[in-house]
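The chain contents come next:
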Amino acid sequence: MPPNRELFVNSIGVDSYGNRGYDSTTPEVHRFQTWGVAAPNISKTQTDRYEALSICSKNSTVEEFGALPIKRGLEDLRIRLLEVCVGAAMTVYEYGRLLRCADRIPDYDEMDPILANLGRILTRVAITPWKCDGVNRVTDSPSDIIWVSSKVCLRLATHLTDDDVLRATVADIVDFVNPTSTDVIYGVALSFIHCVIVFIDMENEVIKHTPALEFLPSFYGSTPSTPGITAIARLGYLLDPLGQLDITVPAEHRMMKDLPVEVWTQITDLLFRVDDLISMASISSNSWSAANASLKYPRLGIKPYLLKGLQEDRPEANRLWTAGFCAESERGAGDLYLTPQTPGQYGFFYDLDYITPRDY
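These lines cover the structure that appears in this document, whether it is placed above or below. (Residues numbered from 1 in each chain as written. Predicted model: local features only at pLDDT ≥ 70, side-chain atom pairs only at ≥ 80, totals over all residues. Heavy atoms only, no water.)

### Some points on the nonpolar core
One finds Leu 81, Leu 99, Ile 232 and Leu 235 to be the most contacted residues of the largest nonpolar core, which totals 65 residues. When residues in this core are grouped by element, the largest group, 10 residues, is from helix 3 (residues 72-91). In this view, Leu 81 contacts Val 125, Pro 129, Pro 298, Leu 300, Leu 307, Phe 325 and Leu 338; residues no more than four positions away in its chain are not counted. Counting residues in each nonpolar core, the second largest holds 18 residues, with Tyr 50, Ile 145, Val 196 and Ile 207 among its members. (Core = buried A, V, L, I, M, F, W, Y, C linked by side-chain atoms within 4.5 Å. Buried < 20%, exposed > 50% of the residue type's maximum accessible area, 1.4 Å probe, protein only. Helix = DSSP H or I, 4+ residues; strand = E, 2+ residues; numbered from the N terminus. Contact = heavy atoms within 4.5 Å.)

Structure representation (structure tokens):
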């Protein structure tokens, strides 16, 4: 039975991210429910490609892909950064209206280019957070699969909870990787509703992947955390930044080889620009190690601001889409807050709200 006029009007409200929707007090029977479209037809030839692979595990975790560095605070920082970027996108109309209907996309060919580009941006925030300069460097691509870095590829997809679709998607990612590669390569399949992470070691014929993990938080939820966001952020945390840039450990410089890594680490504290750290990495193995460790910390803005830790949220802030960080820049140290921003020329979705300087 439809609601009466008074109940209908009183049920008009907003979701947890400020988008127009039903009010939280709306009776369950009168809440609009979305119905996803059927998964695309997957041929036997496509699923046979998966069956021919040497799949060692179909229910892996990122922790099984490699030893995570023991820096819990940094891991939490990178997870929180991705959470707030996803949340900020959900509050912005241009993205939110598309994300709310992500389960109704028949297949990648029907995915809006704005949404596809958002998927590439979010994945790069997680995998290469030293490049978040506030400008969307990702260009539109007709391809459903691209390289995010030299070690990670992204496959945009739909219906990852469908077994046939998941198997075909994993096979597509493996086919995309050079079969003669001696490096371990990772693949991310992203449908926005879910994600899957793939581990590919062609040399040793080892392939494994996670199940479909929930990625997008509920629009009516109260937490920004999901298993998929955490998994993709952890994948980025697992990888060496310089390795992803194909910058190998250099031959020892005759005059610098004995300079200990602790000294190089102190030097990195004075370097905020990525190009400077890359130049430093080319001097010695110790300088490479120090630069690599520094690049694991996200850098935001053209300035840039180096995020070193989490800051307490402001009382008036909503942690679904706003976060505070301890930041450093060439101007000093301070507290940096990220807030949503309407997409402009470059389509990015966060704003460096303000930085309050403080003494070191």
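### Some remarks on the pairing of strand 11 (residues 305-311)
Within a regular strand, side chains alternate between the sheet's two faces. In terms of strand pairing, strand 10 (residues 299-300) meets strand 11 through 2 bridges, oriented antiparallel. Counterpart to Leu 300 in the pairing with strand 11 is Tyr 305. The turn linking strand 10 back onto strand 11 is made up of 4 residues, and Gly 301 within it adopts a positive phi angle of 85°. Inspection of the sheet shows strand 11 paired to strand 12 (residues 323-329) by 5 bridges, in the antiparallel sense. Counterpart to Leu 307 in the pairing with strand 12 is Ala 327. (Pairing = 2+ DSSP bridges.)

### Details of the pattern of salt bridges
For the coordinates displayed, the defined rule picks out 15 salt bridges. Arg 167 is the salt-bridge partner of Asp 163, the closest N and O atoms lying 3.3 Å from each other. Here the residue Asp 163 and the residue Arg 167 both occupy positions in helix 6 (residues 163-176), the gap between them amounting to 4 residues, near one helical turn. On the basis of relative accessible area, Asp 163 is assigned to the partly exposed category, the value being 49%. You can call Arg 167 buried: its relative accessible area is 16%. Linking Arg 167 and Asp 164 is a salt bridge whose minimum nitrogen-to-oxygen distance equals 2.5 Å. Taken together, the residues span about one helical turn, with Arg 167 and Asp 164 both in helix 6 at a distance of 3 residues. Salt bridges sharing common partners tie together Arg 49, Asp 144, Arg 155, Asp 172 and Asp 175. (Salt bridge = Lys/Arg side-chain N within 4 Å of Asp/Glu carboxyl O.)

### A short note on helix 5 (residues 113-127)
Its 15 residues place the ends of helix 5 21 Å apart at the C-alpha level, agreeing with the 21 Å of an ideal helix rising 1.5 Å per residue. Burial analysis of helix 5 places 12 of its 15 residues in the buried class, which makes it a mostly covered element. Of the residues making up helix 5, those classed as buried are Leu 115, Ala 116, Asn 117, Leu 118, Gly 119, Arg 120, Ile 121, Leu 122, Thr 123, Val 125, Ala 126 and Ile 127. Capping of helix 5 at its N-terminal end is provided by Asp 112; its side-chain oxygen lies 2.8 Å from the backbone amide nitrogen of Ile 114. (Expected span 1.5 Å × (residues − 1). Polar contact = N/O pair within 3.5 Å; in protein donor to acceptor, adjacent residues only side chain to side chain.)

### Regarding helix 6
Under the 1.5 Å per step criterion, the end-to-end length of helix 6 is 20 Å for 14 residues, consistent within 8% with the ideal 20 Å. Buried within helix 6 are the following residues: Val 165, Leu 166, Arg 167, Ala 168, Thr 169, Val 170, Ala 171, Ile 173 and Val 174. Backbone nitrogen of Asp 164 and a side-chain oxygen of the N-cap are separated by 3.1 Å at the start of helix 6; the cap is Asp 162.

### Points about the side chain of Ser 287
Position of Ser 287 relative to the elements: it lies in helix 11 (residues 285-294). In this structure Ser 287 comes out as buried when scored by relative accessible area, which is 0%. Reaching out from Ser 287, the side chain makes a polar contact with the backbone oxygen of Met 280 at a distance of 2.7 Å. Other than its neighbours up to four places away in sequence, Ser 287 contacts Trp 264, Met 280, Ala 281 and Ser 282.

### Concerning the side chain of Ser 60
Here Ser 60 lies in the loop between strand 3 (55-57) and helix 3. Engagement of the side chain of Ser 60 in a polar contact is seen with the side chain of Glu 64, the distance being 3.5 Å. Discounting residues that sit within four places of it in the chain, Ser 60 has contacts with Phe 65, Lys 208, His 209, Thr 210 and Pro 211.

### Let's talk about empty space enclosed by the protein
Going through the model one piece at a time under the given rule, you end up with 1 cavity of 30 Å³ or more. Considered as a void within the structure, the largest cavity measures approximately 30 Å³ in volume. In terms of lining, the largest cavity is formed by Arg 78, Leu 81, Leu 82, Val 125, Ala 126, Pro 129 and Ala 233. Among the secondary structure elements, those contributing two or more residues to the lining of the largest cavity are helix 3 and helix 5. Per-element accounting of the lining of the largest cavity gives the leading share, 3 residues, to helix 3. Looking at the lining of the largest cavity residue by residue, the class counts come to 6 nonpolar, no polar and 1 charged. (1 Å grid on protein atoms, 1.4 Å probe; cavity = no way out; pocket = protein on both sides within 12 Å on 5 of 7 lines; lining within 4 Å. Points joined across faces, edges and corners; volume = space filled by probe spheres on them. Nonpolar A, V, L, I, M, F, W, Y, C, P; charged D, E, K, R; others polar.)

Worth remembering: the numbers are spatial, not functional.
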